[in-house]
Each structure stands twice: as structure tokens, then as C-alpha cells.
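Coordinate inspection notes
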Amino acid sequence: MADENDEKPICEDGVIMGRRLSKRVRADVKARIERLVEKYGGPPKLTTIIVGEDPGSQMYVRSKHKASANVGILSDHHDLPESTTQEELVQLIDGLNRDPSVTGILVQLPLPKHIDEKTIIGAIDPLKDVDGFSPRNIYRLFYGGETLSAATPHGIALMLDSIGWNDLSGKHAVIVNRSTIVGKPLVFLLLNRNATVTVCHSKTKDLPSFTRQADILVSGIGRRTSDDDPFFITADMVKEGAVVIDVATPHGDVDFEQVKLKASCLTPVPGGVGPMTITMLLQNLADAYAAQKESHSTPH
Ligand code: GUN
């Protein structure tokens, strides 16, 4: 049965409806997975790993499993104690790399301090790296090729596509975040779409002088601890008609009500970038499954 939401625009009343876009993309991913499973048999599987006790990690990983189940992806999980050594974690990943029933491996970040993130990400088979963080996938992103691409930046790019901002020639994107998960990969995604890109961070002087130039402003500061804390991005920091993307969770960076009066479009928190991140993970899982099955199928 057709869903009435299928007809509705993604940007409604100036608000980019991340949940609505997610729902559509997830329906496509589900249909694609059904076709792939019919062809190859054996459903795709996401294997997640958490090491230690980061408070957000359990919740985020539960959401990833639930979303996977809804599109026909199995999942399993390894919950490892804080005392796990780097060697033990690499050994576990080696086994998962060799296990043909595992489609995607996701090590939830952050890791405890005694474990080197780079070594762990580098240990994951790039074909199973559904986060898009491994050296091969970052290299492909760098050169503008097809790749398993970091989920949050990819979700942001798809949101921009959904409002018709595909070719960003002549647009200035200002990203307030330089993390390896969001800011850095987003630079390449936006550059590949011809945007002029500026990256700001905690050491940037006079942040408003940059944000006021942005046609696309992406903010991922994420230091507000409650809805009563002051906002980092206030209306006076935003150019008239800008597209404003708030990556911070669970409390957004952007003064939504005031910025809405100035921006042409903006994302809410919750219901904006968050659902898109998980959706792009599902899309990466479908891509990884197809690539793995196709590389093992014998040519006719
Ligand atoms: N921690 C916060 N965001 C992410 C993500 O997208 N992937 C992983 N693996 N860990 C995270």
C-alpha cells in the first residue's frame, strides 16, 4: 500500500525531514536486499563490536541492529570488556574477515585509550568495512571513486541531493567539525561535488566570521549536555538563505527556532541527520553484500 509520506517533499516548511528521506531509502535498500538474497541465498549479516563501557555505544549499536532487522539484515554482537587487549581485538577481527557469513564488521567508536583506533580500523577487510573508515575506502573517497563511504557524511550528501543541491559549484560549505567520522570525509564528498569547503574547529578564531559566509553550514560541535545549554550556532551566525545541517546529538548545536527564520532549509535534532546515518550504514551493507557475492560468483 502506498504510504502518503511517499508523496510529501523532503524539505517541508524549511525543515529537511531526515526521517522521511530515511524511510524512502530504507524501503529501496530492503527491496534490493530481497532481490540479492533471492539471487545468492543466505542473508547479509552485520557484526558489531563494543569494547568497554562508553555510555552512548550500547544504544547506538542497538539502533543499528534494529534498523538492520527491518531491512532483512541479520546481526550479531561482541561485547568485550575494557581490559581487552589490542591483539585480542585484532584476532577477533581476523576471524570475522575470514568468516563468509559476515558481510559487515563495525567496531563502535570510541575505543578505550589503550587500543589504537587506526590499527583496528586498518585490520578490517575493506570489503567488510561498512563504516567506510578503512584506508582503502578513504583513499577511494579521496580520489572521488565508488566506495563504502562514511555513513554520516554520506547521509548529509544525500540530504543535500534530496533538496536539489547536487552540484555545489559556486557554493561555499563551512563544516564546523574535523573528526575522522564526520568532518574530514565530508570535505571530500563536498569537494567532489564542486563546493568550496572551509573546515572550522575548536582552535578556529572568530567562528562567526566563517559561518556567516556559508551557503551550506554543517555543525557538529556536540558539547551541549542538555536542552537548556546555550546554542553554539545562533541566528546571527547564519547567512540568509543558507542550508543548515546539525550533526550534533543528542542535543543539537543549532538554535532551531531562530535559525529557521533565516535559513532556506535546516535539519531538526532529532529526526534529521541521525536517521540518515543508520540508513547509509544499511546501504553500505547492501553494497558490501553485492560486492562480496559478485566477487565469489563464477562467470557464465
Ligand atoms: N561512533 C560514533 N559514530 C560512529 C560511527 O558512525 N561508526 C562507528 N563505528 N562508531 C561510531
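Scroll up a little and you will see the structure.
A brief look at the structure comes next. All of these numbers come straight from a predicted model, not from anything done at the bench.

All told, the structure shown has one disulfide when counted by the stated rule. Paired through a disulfide, Cys-11 and Cys-265 show a sulfur-sulfur distance of 2.4 Å. When the S-S torsion is -120 degrees, as for the bridge of Cys-11 with Cys-265, the disulfide is left-handed. In this pair, Cys-11 sits in strand β1 (residues 11-12) while Cys-265 sits in strand β10 (residues 265-266), placing the two residues 254 residues apart along the sequence.

Moving on, we come to the packing of helix α6 (residues 151-162) against helix α10 (residues 273-296). Remark: α6 packs on α10, axes separated minimally by 8 Å, with the N-to-C direction vectors making an angle of 110 degrees. Classed by the angle they form, the pair α6 and α10 counts as roughly perpendicular. Each of Ala-151, Thr-152, His-154, Gly-155, Ile-156, Leu-158 and Met-159 in α6 lies in contact with α10, whose residues at this interface are Val-273, Met-276, Thr-277, Met-280, Leu-281, Gln-283 and Asn-284. In the contact of α6 with α10, the residues fall into eight nonpolar, six polar and no charged.

Attention shifts here to the nonpolar core. Counting 42 residues, the largest nonpolar core has Ile-16, Ile-156, Leu-160, Leu-190, Val-243 and Ile-245 as the members making the most contacts within it. Among the secondary structure elements, those contributing two or more residues to this core are α1 (18-40), α6, β6 (172-176), α7 (183-191), β8 (216-219), β9 (243-246) and α10. Per element, the largest residue contribution to this core is nine residues, and it comes from α10. Look past the residues within four positions of Val-243 in its chain and what remains in contact with it is Ile-16, Leu-160, Ile-163, Trp-165, Asp-215, Ile-216, Leu-217, Ser-264 and Cys-265.

Structurally, Thr-103 can be placed in the loop between α3 (86-98) and β5 (104-107). A relative accessible area of 3% places Thr-103 in the buried class. Reaching out from Thr-103, the side chain makes a polar contact with the backbone nitrogen of Lys-45 at a distance of 2.8 Å. Residues within four places of Thr-103 in sequence aside, it is in contact with Pro-44, Lys-45, Leu-127, Lys-128, Leu-285, Ala-288, Tyr-289 and Gln-292.

Turning next to the site of the ligand. Residues in close proximity to the ligand include Lys-64, Leu-106, Val-107, Gln-108, Leu-109, Asp-131, Phe-133 and Ile-181, which together make up its full environment. Structurally, the ligand is housed in the largest pocket. Looking at the shell around the ligand residue by residue, the class counts come to five nonpolar, one polar and two charged.

As a further point, take unusual backbone geometry. At the junction of Leu-109 and Pro-110, the peptide bond is cis and its omega measures out at 5 degrees in the coordinates. Along the chain, Pro-110 falls in the loop between β5 and α4 (117-123). Despite not being glycine, Asp-13 has its phi angle at roughly 55 degrees, a positive value. Within the secondary structure, Asp-13 sits in the loop between β1 and β2 (15-16). The exposure class of Asp-13 is exposed, given its relative accessible area of 63%. Here Asp-206, not a glycine, exhibits a phi torsion of approximately 60 degrees, which is positive. For Asp-206, the position within the fold is in the loop between β7 (196-200) and α8 (207-211).

What counts and how
- Residues numbered from 1 in each chain as written.
- Predicted model: local features only at pLDDT ≥ 70, side-chain atom pairs only at ≥ 80, totals over all residues.
- Heavy atoms only, no water.
- Disulfide = S-S within 2.5 Å.
- Helix = DSSP H or I, 4+ residues; strand = E, 2+ residues; numbered from the N terminus.
- Axes fitted to C-alpha atoms, helices over the stretch in contact; angles between N-to-C directions.
- Parallel < 35°, antiparallel > 145°, perpendicular 65-115°, else oblique.
- Contact = heavy atoms within 4.5 Å.
- Nonpolar A, V, L, I, M, F, W, Y, C, P; charged D, E, K, R; others polar.
- Core = buried A, V, L, I, M, F, W, Y, C linked by side-chain atoms within 4.5 Å.
- Buried < 20%, exposed > 50% of the residue type's maximum accessible area, 1.4 Å probe, protein only.
- Polar contact = N/O pair within 3.5 Å; in protein donor to acceptor, adjacent residues only side chain to side chain.
- Near = heavy atom within 4 Å.
- 1 Å grid on protein atoms, 1.4 Å probe; cavity = no way out; pocket = protein on both sides within 12 Å on 5 of 7 lines; lining within 4 Å.
- Sits in = over half its atoms within 2 Å of the grid points.

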